[in-house]
Amino acid sequence: MAFENKFIQQRIEKAEVLREAGFNPYSNNSQRNTTVEKYLNVNSDIQDKEDKRDENRHYIVSGRIKLLRIMGKASFVKIEDESGMLQIYIARDNLPEDFYNTIFKKNIEVGDIIEVSGYPFVTGKGELSLHANELKLLTKAIAPLPEKFHGVTDKEIRYRKRYLDLIMNAEVRKTFQTRSKVISLTRRFFEDKGFLEVETPMMHPIAGGANAKPFVTHHNALGIDRFLRIAPELYLKRLIVGGFEAVFEINRNFRNEGMDATHNPEFTSIEFYWAYKTYKDLIEITKEYFQYLFEHLNLPTILPYGDMEVNFENFTEVPLIESLTTIGGVPAEMCNDKESIVAFLKSKNITVKPGMNLGQLQGELFDEFVEEKLIDPTFITEYPVEISPLARRSDENPAITERFELFIAGREIANAFSELNDPIDQYERFKGQGEAKEAGDDEAHEMDEDFIDALSYGMAPTAGQGIGIDRLVMLLTNEHSIRDVLLFPAMKPIHNDTQEQE
RNA sequence: GUCUUGUUAGCUCAGCUGGUAGAGCACGUCACUUUUAAUGAUGUGGCCGAUGGUUCGAAUCCAUCACAGGACACCA
C-alpha cells in the first residue's frame with residue numbers, strides 16, 4: 001500500500017528521470033556555506049546599493065521548496081531552512097543548457113530539498129533574494145505537501161504526522177524551541193544554585209511518590225513485574241538521606257489515566273529537593289525561578305493566556321481554608337465541619353463519595369470553587385494532612401502540613417512541601433493509605449518499606465517541589481492543549497491491529 | 001468512563017427537504033525573463049471513515065463500530 005497514491009507515483013517517476021539524467025535524487029554532498037537567516041542579515045546592505053546587487057558575493061544555501069512560481073524562462077522559488085525563508089530567482093540563461101527546461105521545470109517541485117548557489121540581489125518589489133547560477137537537488141520528496149495557503153490544520157494529522165506539522169507551520173517550531181529553552185533554563189537555574197542533577201529509576205518495584213495508577217511492565221530475566229514510575233520523589237529523598245543536599249531531576253513520569261487537554265500518559269516534570277530548607281524557602285526560589293525564566297525568554301511580565309491576563313509580578317500566598325471563603329465564596333462556618341461541607345456540596349449539585357474525611361472534603365471545595373479563579377500566580381498553603389501523605393505536619397497545627405501548590409491561570413503548576421522525615425509518622429500515613437486502598441481508592445499510596453527504612457537512618461529537614469514542565473510551557477506559549485507542547489503526543493493507533501491480550 | 005460535534009480528492013472546504021460527486025490549491029499539458037497564495041487556458045483526479053439497515057434509489061435518513069476535536073468526571 002505504501003506508494004500507491006497517484007501523486008506519489010508521479011513523483012517517483014520524476015526521481016527516476018533525474019537519476020537517468022545523472023542527477024542523484026538523494027545526493028548527500030551538500031556544500032551549504034550559510035543559513036537563510038545569516039544570508040539575509042549579511043546581505044541586508046544590498047538594499048542600499050545603486051544596482052541592488054553584488055555579483056562578487058557568492059553563497060550556497062539549502063532548503064525545502066515551499067513555493068514555486070514558474071514564469072516561462074524565469075522562476076521564483078521560496079526555500080525554507082530551519083532559520084527562515086529565502087526567495088531564489090532562477091533564470092534559464094544562468095543555468096547550464098537545457099537544465100532549466102528539462103530538469104528544473106519538469107522534475108523539481110514543491111517539497112523537494114534543493115541547494116542553490118548564487119549572488120545576492122534585491123528584486124523590483126524590494127525583496128532581498130538570491131540570483132541562482134547553480135541548482136542541485138539534494139532530496140526528492142515523493143509525497144506532496146499539503147496546500148500552500150491553508151497548510152495542514154487537521155489536528156489529527158498534525159499530531160500523528162508531527163513532521164508534516166513542523167514543515168508547514170513555522171509557529172509550531174517556535175513553540176518547541178521555547179519548550180527546549182524552558183528546560184535548558186530550568187537546568188541552568190538549579191545548577192547555578194548548586195543543585196546536582198541526578199537520574200533515578202524509571203522502573204519501580206513499587207509505584208510511589210504520587211497518587212496515580214501506574215503502567216505495568218515485565219522483567220523477563222527476573223520474572224517480575226515493574227511499574228513505570230509515577231513520580232521520582234521517593235528516590236530523590238533517598239538521595240537526601242544519603243547526604244546530597246540539593247538534587248533535581250528533569251524527566252518523564254507515566255500515569256495510566258485519562259487523556260485530555262492537560263493530561264498525557266507520559267509527561268515531564270522537574271522535582272527538586274533541598275536539605276535544611278522549608279517550604280517557605282521554596283516559595284522564594286519559585287518566584288526567583290519565574291523571574292529568571294521571564295528574563296531569559298524575553299517575556300512580558302503580564303502574559304496573555306487565552307482570554308486571561310496573568311500578572312507574573314503579582315505572586316500571592318493564601319492558606320487553603322482561607323481561600324475557600326475569600327476566593328471561593330464558601331461560608332466560613334461551613335469549612336471545618338464534615339457534615340456542613342457535604343450538605344453544602346449537595347446543595348450545589350456536586351456528588352461526594354461517601355466516607356470522605358474533612359481534608360478530602362476541603363480539597364473538594366477548593367477544586368470546585370477556588371482553583372479556576374486563581375489567575376495570577378497564587379501559592380495555596382496549609383494543606384490538610386489527609387490529602388498530603390508525604391508532607392511534614394505544621395508544628396503549630398498537626399492537622400495541616402507545611403505545603404503549597406502554585407496555581408496560575410486556574411491551573412496547578414507546582415506542588416511543594418517541607419518533607420515528612422519522621423519515619424514513624426510516614427509509616428503510619430502509608431498504613432492509612434493502605435486502608436484507603438482496601439476501601440477502594442486504587443490510587444492510594446503503596447507502603448514502601450525500603451523508603452521507611454531509608455528515613456529511619458535520618459533525612460535532614462528538607463523541602464521538595466515538583467513543577468509540571470508541560471503545563472508550564474503551555475502557560476508560556478499560550479497553548480491550551482498539552483498535545484501542542486508535546487512533539488509526539490499519545491494517540492490511539494489508527495488500525496485496530498494492536499489487539500489487547502486478555 | 002459519559003455526553004457532544006466531526007470524518008467527502010494529496011491539502012483546505014462546499015454538497016439544501018434522499019435522485020449517479022463540486023470548488024480552490026496541488027498535479028498534467030500549453031503560454032509567459034522580476035513574481036509574492038504569480039497569472040491565463042485546458043485536463044486528470046473520489047469505495048463520500050467502516051459495517052449493517054430503511055428505500056425503487058443513500059455522501060445525505062437510522063444503528064453499530066473506529067478515529068479525532070470539544071465539554072464533563074479523575075488526576076499533574
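You'll find the structure just up there.
Residues numbered from 1 in each chain as written. Chains lettered and ligands numbered in written order. Predicted model: local features only at pLDDT ≥ 70, side-chain atom pairs only at ≥ 80, totals over all residues. Heavy atoms only, no water.

> An account of the packing of helix 12 (residues 423-438) against helix 13 (residues 449-456) is requested, with residue identities and associated values reported.
Axis angle and axis distance: for two packed helices, these are the angle between their axes and the distance between the axes, and together they describe the pair. At a minimum axis distance of 9 Å, the contact between helix 12 and helix 13 shows a crossing angle of 165°. The orientation of helix 12 relative to helix 13 falls into the category roughly antiparallel. Judged by the twist between their axes, the crossing of helix 12 over helix 13 is right-handed. Here Pro-423, Gln-426, Tyr-427 and Phe-430 of helix 12 come into contact with helix 13, specifically with Phe-451, Ile-452, Leu-455 and Ser-456. (Axes fitted to C-alpha atoms, helices over the stretch in contact; angles between N-to-C directions. Helix = DSSP H or I, 4+ residues; strand = E, 2+ residues; numbered from the N terminus. Parallel < 35°, antiparallel > 145°, perpendicular 65-115°, else oblique. Left-handed = near helix turned anticlockwise from the far one by under 90°. Contact = heavy atoms within 4.5 Å.)

> Describe the nonpolar core, naming the residues involved and giving the relevant values.
One finds Phe-190, Phe-272, Phe-290 and Ile-408 to be the most contacted residues of the largest nonpolar core, which totals 46 residues. At ten residues, helix 8 (residues 279-297) tops the list of elements feeding residues into this core. Once you skip the residues sitting within four places of it in the chain, Phe-290 turns out to touch Phe-312, Phe-315, Leu-406, Ile-408, Ile-413 and Leu-472. Within the second largest apolar cluster, 23 residues are counted, among which are Tyr-39, Ile-65, Val-77 and Leu-137. (Core = buried A, V, L, I, M, F, W, Y, C linked by side-chain atoms within 4.5 Å. Buried < 20%, exposed > 50% of the residue type's maximum accessible area, 1.4 Å probe, protein only.)

> So what's going on with the protein's contact with RNA strand B? Residues and values would help.
Close contacts around RNA strand B come from 55 residues, with Lys-6, Gln-10, Asp-93, His-263 and Arg-471 the closest. Among all atoms of RNA strand B positioned within 4 Å of the protein, those belonging to sugar or phosphate total 58%. Side-chain polar atom of Arg-69 to a phosphate oxygen of RNA strand B: 2.5 Å apart, as the coordinates give it. Gly-151 places a polar main-chain atom, nitrogen or oxygen, 2.6 Å from a sugar or linking oxygen of RNA strand B. (Near = heavy atom within 4 Å. Polar contact = N/O pair within 3.5 Å; in protein donor to acceptor, adjacent residues only side chain to side chain.)

> Requested: an account of the pattern of salt bridges, with residues and values cited.
For the structure on display, the rule yields 33 salt bridges. We note a salt bridge from Glu-109 to Lys-140, for which the minimum N-O separation is 2.8 Å. Taken together, the residues span a long stretch of sequence, with Glu-109 in the loop between helix 3 (99-107) and strand 4 (113-122) and Lys-140 in the loop between strand 5 (128-139) and helix 4 (155-160) at a distance of 31 residues. The exposure class of Lys-140 is buried, given its relative accessible area of 2%. Across the pair Arg-187 and Glu-197 runs a salt bridge, and its minimum N-O distance is 2.8 Å. One end of the pair, Arg-187, is in helix 6 (residues 170-192); the other, Glu-197, is in strand 6 (residues 196-197), with ten residues separating them in the sequence. Linked through salt bridges whose partners overlap, the residues forming this network are Arg-11, Lys-14, Glu-109, Asp-112 and Lys-140. (Salt bridge = Lys/Arg side-chain N within 4 Å of Asp/Glu carboxyl O.)

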